[in-house]
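Survey of secondary and tertiary structure
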Amino acid sequence: MGVNILGMGAYVPEQKLTNDDFTRFVETNDEWIRTRTGIVERRMAGWEPTWYMGVKASMKAIERSGIDPAEIGLVISCSATADFHTPSMASIIQDAVGAVNAGAFDLNAACTGFVYALDTARRFVDSDGGMKYVLIVANEALSKFLDFEDRGSCILFGDGAAAAVVERSSKLFASALRSDGSGAGLLCARALNTASEIKTEAPEGFSDSFPELKPHKLFQNGKEVYKFATQALPKSFELAAANTGITKDDIDWFIPHQANIRIIETAAKKLGVSMDKFIVTLDHFGNTSSASIPLALNEAIEKGIIKRGQKLALIGFGAGLTYGGIILEY
Ligand code: COA
């Protein structure tokens, strides 16, 4: 059994940050950012809490699905940039959208979050007495964790949210989820605001690959993450497609995690798929972590590019290091 994506919605902050705007914080320029990443501008949350962006995206998704929010059985938020350690983003969103009969929890698989959440949702609607509808919300405010002194990372990310209402369906669905935690130290941010409260060295018998981290700021080893990403994207498709009889030629649209155009181009080449089949929105949204795949999906649906009945491959990677793919019929 699979899922049917009934309706989607999105919310991005009004505030835009162009590449030129970054010259105020770091030594960089528009030409470098465009050619090395493909990013032209991104949105940055100002007054908007992360949960608020999730609520706005969810309301749109519920409205477009034409459902009664009281029939939602579960809300999953896959934010990697939650406003609170507790409560979950999902509980706040569940209340705000009137999902009065729903359970709620957060799931953090970083930028692969939407892929993980969609696969998780499928298992909840598919079980005995399964839920009628699951609301998945990818809401991210990377800007709150960015190190605006690190030109190699701060220019890459943006803020935004996208949500989807899904229901049980017999349509095509195949998935694969993976993690390689040996790369945990390559892309990371500590949870707490005060470095002094955290032991920095792993106890004896455990390895710790984390570098010296600034409190609450995102650290990235760009080169190593790049290498991982160019392997992880094609592998995510191949793992999801394994044993399904589906090949790349059956896929109408690939919706990859939107991190860097060069990563997507390399993945497309490795898969032997034309870039014309890849949905790309990173030029105007940057990397919005778990929101990047659903933001791209939502935009392509809104523009009429993705149509009902088409076969989609959602392929993601991110901190963890996580990666994973879903093949489904829209
Ligand atoms: N503006 C101008 N110069 C910059 C810069 C910026 N924003 N960021 C880095 N540079 C400089 C570097 O300091 C380096 O200078 P040097 O040669 O004098 O030392 C030079 O540009 C080349 O740096 P390098 O790191 O080799 O660039 P790159 O082509 O590898 O691109 C990334 C850097 C970060 C764009 C790239 O590694 C990347 O995309 N990695 C993956 C990141 C990612 O996807 N993260 C999210 C995963 S979910």
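Scroll up for the structure.
Below: a short report on this structure. (Residues numbered from 1 in each chain as written. Predicted model: local features only at pLDDT ≥ 70, side-chain atom pairs only at ≥ 80, totals over all residues. Heavy atoms only, no water.)

Some thoughts on the site of the ligand
Taken together, 25 residues sit near the ligand, with T28, R36, Q220, K223 and N260 positioned nearest. Between the ligand and the protein, one listed contact pairs an oxygen atom with a side-chain N or O atom of R151 at 2.9 Å. Take G222: an N or O atom from its main chain is 2.9 Å from a nitrogen atom of the ligand. Its free accessible area being 960 Å², the ligand has 74% of it covered by the protein chains. Applying the majority rule of atoms within 2 Å of the grid points places the ligand in the second largest pocket. Within the residue set of the shell around the ligand, elements represented by two or more residues are α1 (30–37), α5 (151–154), α6 (222–241), α7 (261–271) and β12 (311–318). The element best represented in the shell around the ligand is α6, accounting for four residues. (Near = heavy atom within 4 Å. Polar contact = N/O pair within 3.5 Å; in protein donor to acceptor, adjacent residues only side chain to side chain. Areas by Shrake-Rupley, 256 points an atom, 1.4 Å probe, with all protein chains shown as cover. 1 Å grid on protein atoms, 1.4 Å probe; cavity = no way out; pocket = protein on both sides within 12 Å on 5 of 7 lines; lining within 4 Å. Sits in = over half its atoms within 2 Å of the grid points. Helix = DSSP H or I, 4+ residues; strand = E, 2+ residues; numbered from the N terminus.)

As for the sheet that holds strand β1 (residues 2–11)
One open sheet holds the five strands; their spatial order is β1-β7-β6-β4-β5, and the pairing between them is mixed. Looking at strand neighbours, the two that pair on one side only are β1 and β5 (103–106), the edges of this open sheet. Each strand of the sheet is rotated relative to its neighbour by a mean of 20°, with strand direction disregarded. When strand β6 (residues 133–141) meets strand β7 (residues 159–169), the two strands line up antiparallel, connected through nine bridges. Bridge pairing links N139 to A161 in β7. Helix α2 (residues 50–65) rests against β1, β4 (72–77), β6 and β7 of the sheet, and its axis sits at about 125° to β1. Against the sheet, helix α3 (residues 89–96) engages β4, β5 and β6, with an angle of about 135° to β4. (Pairing = 2+ DSSP bridges. Axes fitted to C-alpha atoms, helices over the stretch in contact; angles between N-to-C directions. Contact = heavy atoms within 4.5 Å.)

Some details on the pattern of salt bridges
Two side chains carrying opposite charge are able to pair once their charged atoms lie near each other. If you walk through the whole model with that rule in mind, you get 14 salt bridges. Note that K60 and E63 form a salt bridge whose closest N and O atoms lie 3.9 Å from each other. Taken together, the positions of K60 and E63, both in helix α2 and three residues apart, correspond to about one turn of that helix. According to the relative accessible area criterion, K60 is partly exposed, its value standing at 32%. Residues joined in a network through salt bridges with shared partners are D119, R122 and R123. (Salt bridge = Lys/Arg side-chain N within 4 Å of Asp/Glu carboxyl O. Buried < 20%, exposed > 50% of the residue type's maximum accessible area, 1.4 Å probe, protein only.)

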